[in-house]
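Chains, contacts and geometry: an overview
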Amino acid sequence: MMELNALRQFLVVARLEHLSRAADELHIAQPSLSRTIARLEAELGAPLFDRSGRLRLNDTGRLYRDHVERALGELEAGRRAVTEAADRGLGTVRLASETFLTLTGPLAAFKRSHPAVEIGLHWSPPEDMARRLRAQEIDLCVASQTVHADGLEATRLFEERVGAAFPLDHPLAGRASVTLTDLADLPFITARNGHWLRRLLDRLFTAHDLAPKIVCESDEHSAIADLISAGLGIGLVPASARHSNTRAPLAWIPLDDPASRRTVTLYWAPDSHLSTAARLMRTTIMDWNWTTDAPSSR
């Protein structure tokens, strides 16, 4: 009989495709984890990983992983439903996003309306969001990149332009618009690989057979704006960021390229998995007055 702990350990190994890193994350000895995976494969009667060279999840393993994620997700949904019923409350809500700067308005409004609800905020890259939704680790996610997974529902929140940000004294700061060619030799300050902003930058330059000259990578949006304002480089900035209360003084110039946009989308798993609090949060986010000129106001 398969133990839940063994299934959870299998999911970690399947995600990392590396036994020693999985053992470190799980805080167990690698030989013990290897025996657990071996017992699981023996019970199933089929290997779940290819072991020629680097450990790789095989087709059977991917099939089994999807079923395990759904099964453990249902168990977690049941546990939360019982807790919600016993407390006669609204439950909790767990929201994942690449950045929460865009969500400060609806989050503040939700907390004012439902002060007793516990809100868990989780940073997550888009490629990890589908797994976390299926496994019931999170209830909702907001992404600026497409999240691919069967069984998820989604609604587009808003679309906005992404322009080029310059120090106020930059020679191009007074332009009505700029092109990728104008920016080709300028130093860029941007996000790390995988972030939507970095992917957009790489995609735009690749489409013009160019490569951006990146002098700094940062996970902190405010740091990117501060470094640009200080004259250390330029960068791509979404239109909504111009109205942040903490923004550094920058010149925001439209980029003369129709592909320079981002689309922000809300994703969730089937309603049967959502607590009352999660459904209320979903409604708050969907009904928010999403405008690129004033993303944090009603």
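What counts, and at which threshold
- Residues numbered from 1 in each chain as written.
- Predicted model: local features only at pLDDT ≥ 70, side-chain atom pairs only at ≥ 80, totals over all residues.
- Heavy atoms only, no water.
- Helix = DSSP H or I, 4+ residues; strand = E, 2+ residues; numbered from the N terminus.
- Buried < 20%, exposed > 50% of the residue type's maximum accessible area, 1.4 Å probe, protein only.
- Contact = heavy atoms within 4.5 Å.
- Areas by Shrake-Rupley, 256 points an atom, 1.4 Å probe, with all protein chains shown as cover.
- Lys, Arg positive; Asp, Glu negative; His and termini not counted.
- Charge placed at Lys NZ, Arg CZ, Asp CG, Glu CD.
- Expected span 1.5 Å × (residues − 1).
- 1 Å grid on protein atoms, 1.4 Å probe; cavity = no way out; pocket = protein on both sides within 12 Å on 5 of 7 lines; lining within 4 Å.
- Points joined across faces, edges and corners; volume = space filled by probe spheres on them.
- Arc of directions from axis to C-beta.
- Pairing = 2+ DSSP bridges.

Along the backbone of the protein chain there are ten helices and eleven strands. For the C-alpha atoms alone, the extent of the protein chain along its principal axes is close to 70 × 55 × 30 Å. Out of the 298 residues in the protein chain, the part that is buried amounts to 47%. If you take every contact in the protein chain between residues at least 6 apart in sequence, the share linking residues at least 24 apart comes to 70%. Here the protein chain has roughly 15200 Å² of accessible surface; of this, 51% comes from carbon and sulfur atoms. Between the centroid of the 35 positive side chains of the protein chain and the centroid of its 38 negative side chains there is a distance of 2 Å.

Helix length check: helix H8 (residues 196–207), at twelve residues, gives a terminal C-alpha distance of 16 Å against a target of 16 Å (1.5 Å per residue), a fit within 8%. Listing the buried residues of H8 in full gives Trp196, Leu197, Arg198, Leu200, Leu201, Leu204 and Phe205. Elements in contact with the buried residues of H8: strand S6 (153–166), helix H7 (180–183), strand S7 (187–190), strand S8 (213–217), strand S9 (235–238) and strand S11 (261–268). Phi turns positive one or two residues past the end of H8, at aspartate 209, with a value near 55°.

Turning our attention to empty space enclosed by the protein. Scanning the model with the defined rule gives one cavity of 30 Å³ or more in all. Looking at the largest cavity, its volume works out to about 60 Å³. What lines the largest cavity is simply Ser97, Glu98, Thr99, Thr102, Leu103, Val142, Ala143, Ser144, Arg262 and Val264. Those elements giving two or more residues to the lining of the largest cavity turn out to be strand S5 (140–143) and S11.

Relative to the 21 Å expected for 15 residues at 1.5 Å per residue, helix H3 (residues 30–44) spans 21 Å between its end C-alpha atoms, a close match to the ideal helical length. Turning to H3, its buried residues are Leu33, Thr36, Ile37, Leu40 and Glu41. What you see down the axis of H3 is that its buried residues fit within an arc of 130°, all on one side. Turned more than 90 degrees away from the buried face of H3 sit Arg39 and Ala42, all of them exposed. Looking at the residues trailing H3, positive phi occurs at glycine 45, about 80°.

Moving on to the pairing of strand S4 (residues 118–123). Two faces belong to every sheet, and in a regular strand the side chains alternate between them. As defined by bridge partners, strand S3 (residues 92–97) adjoins S4 across six bridges and the pair is classed as parallel. Its bridge partner being in S4, arginine 94 is matched across the sheet by glycine 120.

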